[in-house]
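Structural overview for review
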Amino acid sequence: MSYSIFLLRFVDGEVVALDAERFRHVTEPYVVAGGQDEGFSQLRAEDGGEADLYHESHGESGLPCVTATRFARGAMLGVLARLAAALGASVVPQSGGALIFHEKERRHLPAELQGSAVVIAPTEDALQAAFDAR
């Protein structure tokens, strides 16, 4: 895909840190270049699809955001969906809107994202369908 998505965790309309250890746990099996300590990771899924992740760490406060760019369709979308779910994050495409995995997350989104947020399953197929619908 030629656009970016942002994995952001919201509480009461504000961005809060993502758990760096959960990030490492989910991404580590797929890292082929970079790594968490470098602020950049290139991932490769089992079908060969890749994604570039940017993730600046703020020490003990965790990761403020994960940005995924140049990500492939297929298994990589499943990896990204599982990562977002593990982090308790919303998927926010650069084109706007938000994808959430549970209706209860809607109330934590900023007001401007609440009305257009779409609830999806944290799967490759659901994430692909949501992107195709845009």
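Data block above holds the structure.
Everything in this summary refers to the structure shown in the same document.

Calculation rules
Residues numbered from 1 in each chain as written. Predicted model: local features only at pLDDT ≥ 70, side-chain atom pairs only at ≥ 80, totals over all residues. Heavy atoms only, no water. Salt bridge = Lys/Arg side-chain N within 4 Å of Asp/Glu carboxyl O. Helix = DSSP H or I, 4+ residues; strand = E, 2+ residues; numbered from the N terminus. Expected span 1.5 Å × (residues − 1). Buried < 20%, exposed > 50% of the residue type's maximum accessible area, 1.4 Å probe, protein only. Phe/Tyr/Trp six-rings, centres within 6.5 Å; stacked < 30°, edge-to-face > 60°. Pairing = 2+ DSSP bridges. Arc of directions from axis to C-beta. Polar contact = N/O pair within 3.5 Å; in protein donor to acceptor, adjacent residues only side chain to side chain. Core = buried A, V, L, I, M, F, W, Y, C linked by side-chain atoms within 4.5 Å. Contact = heavy atoms within 4.5 Å.

Examining the pattern of salt bridges
- Taken as a whole and judged by the stated rule, the model has six salt bridges.
- Residue D132 pairs with R73 through a salt bridge whose shortest N-O separation is 3.4 Å. One end of the pair, D132, is in helix 4 (residues 124–132); the other, R73, is in the loop between strand 6 (66–69) and helix 2 (75–87), with 59 residues separating them in the sequence.
- Note that E103 is salt-bridged to R106, the shortest N-O span being 2.6 Å.
- Taken together, the shared-partner salt bridges connect E21, R24 and D37 into one network.

What about helix 2?
- Counted at 1.5 Å a residue, the expected span for helix 2 with its 13 residues is 18 Å, and the 19 Å between its end C-alpha atoms agrees.
- In terms of residue burial, helix 2 counts as a mostly covered element, since 10 of its 13 residues are buried.
- G88 sits one or two positions beyond helix 2 and adopts a positive phi of about 65°.

Structural notes on the packing of aromatic side chains
- Throughout the structure, instances matching the rule amount to two aromatic pairs.
- Plain terms: the ring middles of F40 and Y54 are 5.2 Å apart, the flat faces sit at 50° to each other, and that makes the pair tilted. Pair noted here: F40 is in strand 4 (residues 40–44) and Y54 is in strand 5 (residues 50–54), with a separation of 14 residues, a long-range link.
- With relative accessibility at 25%, the residue F40 sits in the partly exposed group.

Thoughts on the environment of E21
- In this structure, E21 sits in helix 1 (residues 20–27).
- Between the C-alpha atoms of E21 and G62, which are 41 residues apart in sequence, the distance is 8.6 Å.

Remarks on the pairing of strand 1 (residues 5–11)
- Where strand 1 and strand 6 come together, three bridges link them in antiparallel fashion. Pairing of F6 across the sheet is with T67, part of strand 6.
- Where strand 1 lies against strand 2 (residues 14–16), three bridges are found, and the strand directions are antiparallel. When the sheet's bridge partners are listed, F10 is paired in strand 2 with V15.

A short note on helix 1
- Along helix 1, the residues classified as buried are F23, V26 and T27. Viewed end-on, helix 1 has its buried residues packed into an arc of 85°, placing them on one side of the element. Along helix 1, the residues that are exposed and aim more than 90 degrees away from the buried face are E21 and H25.
- Its side-chain oxygen placed 2.9 Å from the backbone nitrogen of E21, D19 serves as the N-cap of helix 1.

Some remarks on the nonpolar core
- One finds F71, L80 and L127 to be the most contacted residues of the largest nonpolar core, which totals 32 residues.
- Looking at this core, the elements with two or more residues in it are strand 1, helix 1, strand 5, strand 6, helix 2 and helix 4.
- F10, A98, L109 and L113 belong to the second largest nonpolar core, which has eight residues in total.

Quick word on the side chain of H55
- Tracing the backbone shows H55 in the loop between strand 5 and strand 6.
- When its relative accessible area of 1% is taken as the criterion, H55 is described as buried.
- Of the polar contacts made by the side chain of H55, one reaches the side chain of S41; its length is 2.8 Å.
- In this view, H55 contacts F23, G35, Q36, G39, F40, S41, L63, C65 and V66; residues no more than four positions away in its chain are not counted.

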